[in-house]
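These are the residues of each chain, in order.
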Amino acid sequence: MPDDRLWGWLGPLLVTAFAAFLRFFRLGEPHAVVFDETFYIKDAFSLLTHGVERQTLGDTDNPIADRMLIAGDLDFWKTTCPPGDDCASYVAHPPLGKWMIAGGEWLFGMNPFGWRFAAALVGVLSVLILARVARRMTRSTLLGCLAGLLLALDGLHFVLSRTSLLDIFLMFWVLAGFACLVVDRDRARERLVDWYQTSSVSGFGPWLGVRPWRIAAGVCLGAAVAVKWSGVFFLAAFALMSLMWDLGARRALGVRQPFRGTWVRDLPAALGALAAAPVAVYLVSWAGWFATPLGWGRGWAQATSAGPVFFVVDSLRSWVNYQKQVLGFHVGLASPHPYQSEPWEWPLLQRPVSFHYVKDLPASACGAPECSQAVLGVGTPVLWYAAALALLGTIAWYVATRDWRAGAVLLAYGVGWLPWFYFALADNRTMYLFYMIPVVPFMVLAVVLMAGLILGRQDAPPVRRAVGAAVVGALTLIVLINFWWLSPVLSAETITHAQWWARMLMRRWV
C-alpha cells in the first residue's frame, strides 16, 4: 500500500465532499413525486407507520395519495378493501431499501428532502468506498481519487442519488460487499505469508481463522439481496471469486494441494460468511412482516391458532409462499412502458428514462416563451463511452496477464449486465437503463485501471509519464465538462425549451 496514509484518506474525503455538494444541493427539487418514487416513498412511510406496506388511495392512473402527500396531508391510507384483503399491499421487492428510505423520512419528515435523503447519503458514501477500494486495488492514491471523482460525475449515479428509488441502495451494498472482499483478500494473504515464514510447507496450508471482512461482505451482499433480488447474482459471483482468490493464494505460496486446501480450510468458513450471513440478513429485513398481522399473505389468525412452534412453522410457510408469488411476478413482468429499453442498448445510453418533465411553466421562470424542467436518468456520455472502450481494454489485459483486478472488474460487469439478456430474450421482460447502476462503479474501475496503464509505472521515463498524465487529465476534464453541460436536465433546473432540446443528444432521449 502507498505510504501516504494522510492523503489516502484526505484525498478521497475531499472528492466525497464534492460529491455531497452535488447531491444535496437542491435535493428537495423538484417538489414532486418523481417516477417510481410513487411506490417506494409511500411504502417506506407505511413501514414507519404500520411495520409493513399498506395500500394507499388511488392508483398509478389516478395517484390521489401523491397529491395529498405533496399538499401535506399524510392520511392517505385505504380503509375499505375487499373481504380477506385487509388493505395489505402486495409488493414486488424486499423491504430493506424501503426501510432505508424510511430513515430519511423519520429524520426530516415526509417531504422531498426527507424521502430522498437516504438515497443521497448512500450515493455520497459509495463515492468514498470506490475511491478507497480503487486505491487499494491500484496501490495509488491518485487513481483512487480519480475513481471517486468519475463516479461523482456520472449522470445516472447523480440522478439516482437524488431520487428515492431502490437501485441506488442495491448499488451501494454491492459495492460495499466487493470492497470488503478486496480487503479480505489482502488480509488473507498477510496471514498466509506470516504462516509461510514460520512453518514448513504442508499439503493443505493453514486455516486462516475468523475473517471479519468476509463476514462483513456477506452481510453487505445479503443486504443487496434484501433491497432487490438481482443482488443474488452478485452474491453468488463474488462468493465464487473470493474462493478463487483463496485458491490462487495457496497455489502462489507453493501449497502442494491447493484445491483440497481451499476445499477443507476455506470453504466451510466461506459458507458461513457468504451463505448463512446473507440468508440471516435477508430474513431479518422481513422482521416487520413477521411481527405484525397486517402484511400481505401473513395468515396471522391461522398462525396463532396453535402453539408457538406452529406459529413459527406456519409463518415461514406463509412467507415462502409470498416469495413464490413475487418470483412469479418478476418472471411474468412484460408490461410495455414508453421508457423501457433492452440491455444491449444500455452501455451506449440509447434509451434513458425521463423521471420528470414539466413544460407548462410561466415565461418569467426562464426568460423565454417556453420553459422546461426535467430530470433525465442518463449517464454522462463521455464517461460511458470511455468505459465501453475500457471494457475492451480490460478484456485484452486479462487475457494477456490474468491480472486479478481485471478479472474482478469483468466478473462484476458481467453478472450485473449479462443476466438481463436472458430475461430480455426468454421472458421479454420490461427493463430500464437504470438497472445498470450496480455496474457503474465497476465501469469506473475499468476506466481507472486503463488510466493506470496509460500513466505507466512510477519509474517510467518522464516523457512517458507526462503524455499519460495529459491523456488521463484531458479525459477527466472532458467528463467534468460533459456532466456540467448535462446537469440542468439531471437536476430539474428551469431552462428554456431550446436549452433542454440541445441536451437531447439522441432522438430516443426525448
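Refer to the structure presented above.
Residues numbered from 1 in each chain as written. Predicted model: local features only at pLDDT ≥ 70, side-chain atom pairs only at ≥ 80, totals over all residues. Heavy atoms only, no water.

**Looking at the overall build of the protein chain**
Here's step 1: On a plain count of helices and strands, the protein chain comes out with 20 helices and 3 strands.
Here's step 2: For 510 residues, the compact-globule formula gives about 24 Å, and the C-alpha radius of gyration of the protein chain, at 24 Å, lands near that figure.
Here's step 3: C-alpha atoms of the protein chain, sized along the principal axes, occupy 75 × 70 × 45 Å.
Here's step 4: The buried share of the protein chain, reckoned over its 510 residues, is 56%.
Here's step 5: Relative to all contacts within the protein chain whose residues are 6 or more apart in sequence, the contacts with residues 24 or more apart total 76%.
Here's step 6: Just so you have it, the protein chain exposes about 22100 Å², and 67% of that area is on carbon and sulfur atoms.
Here's step 7: Across the protein chain, the mean location of the 40 positive side-chain charges is 11 Å away from that of the 32 negative side-chain charges. (Helix = DSSP H or I, 4+ residues; strand = E, 2+ residues; numbered from the N terminus. Rg over C-alpha atoms; globule rule 2.2 N^0.38 Å. Buried < 20%, exposed > 50% of the residue type's maximum accessible area, 1.4 Å probe, protein only. Contact = heavy atoms within 4.5 Å. Areas by Shrake-Rupley, 256 points an atom, 1.4 Å probe, with all protein chains shown as cover. Lys, Arg positive; Asp, Glu negative; His and termini not counted. Charge placed at Lys NZ, Arg CZ, Asp CG, Glu CD.)

**Concerning helix α16 (residues 404–417)**
Here's step 1: Between its first and last C-alpha, α16 extends 20 Å over 14 residues, near the 20 Å set by a 1.5 Å rise per residue.
Here's step 2: By the criterion of burial, α16 is predominantly enclosed, with 11 of the 14 residues buried.
Here's step 3: Residues Arg 405, Ala 406, Gly 407, Ala 408, Val 409, Ala 412, Tyr 413, Gly 414, Val 415, Gly 416 and Trp 417 constitute the buried set of α16.
Here's step 4: At its buried positions, α16 is contacted by α5 (112–138), α8 (167–198), α10 (231–253), α15 (381–401), α17 (419–426) and α18 (440–455). (Expected span 1.5 Å × (residues − 1).)

**Topic: the packing of α5 against α8**
Here's step 1: α8 packs onto α5 with a crossing angle of 25° between their chain directions and a minimal axis gap of 9 Å. In terms of axis orientation, α5 runs roughly parallel to α8. Judged by the sense of rotation from one axis to the other, the crossing of α5 with α8 is left-handed. Along the contact surface, α5 presents Ala 118, Ala 119, Val 122, Gly 123, Leu 125, Ser 126, Ile 129, Leu 130, Val 133, Arg 136 and Met 137, while α8 presents Ile 168, Phe 169, Met 171, Phe 172, Leu 175, Ala 176, Phe 178, Ala 179, Val 182, Val 183, Asp 186 and Arg 187.
Here's step 2: When grouped by side-chain class, the residues that make up the contact of α5 with α8 number 18 nonpolar, 2 polar and 3 charged. (Axes fitted to C-alpha atoms, helices over the stretch in contact; angles between N-to-C directions. Parallel < 35°, antiparallel > 145°, perpendicular 65-115°, else oblique. Left-handed = near helix turned anticlockwise from the far one by under 90°. Nonpolar A, V, L, I, M, F, W, Y, C, P; charged D, E, K, R; others polar.)

**Describing the state of the cysteines**
Here's step 1: Enumeration according to the criterion identifies 1 disulfide in this entry.
Here's step 2: Covalently, Cys 366 is tied to Cys 371 through a disulfide, its sulfur atoms 2.0 Å apart. Here the disulfide of Cys 366 and Cys 371 is left-handed, its torsion about the S-S bond being about -85°.
Here's step 3: Between Cys 180, a cysteine without a disulfide, and Cys 220, which holds the nearest cysteine sulfur, the sulfur-to-sulfur distance is 4.4 Å. (Disulfide = S-S within 2.5 Å.)

**Concerning the environment of Gln 325**
Here's step 1: Along the chain, Gln 325 turns up in helix α14 (residues 308–331).
Here's step 2: Between the C-alpha atom of Gln 325 and that of Tyr 90, which follows or precedes it by 235 residues, the distance is 9.5 Å.
Here's step 3: Non-local contacts of Gln 325, meaning those with residues more than four positions away in its chain, are made with Tyr 90 and Trp 296.

**Digging into the environment of Gly 393**
Here's step 1: With respect to the helices, strands and loops of the structure, Gly 393 is situated in helix α15.
Here's step 2: On the basis of relative accessibility, which here comes to 24%, the residue Gly 393 falls in the partly exposed class.
Here's step 3: In the structure, Gly 393 is positioned 57 residues away from Met 450 in sequence and 7.0 Å away in space, judged by C-alpha atoms.

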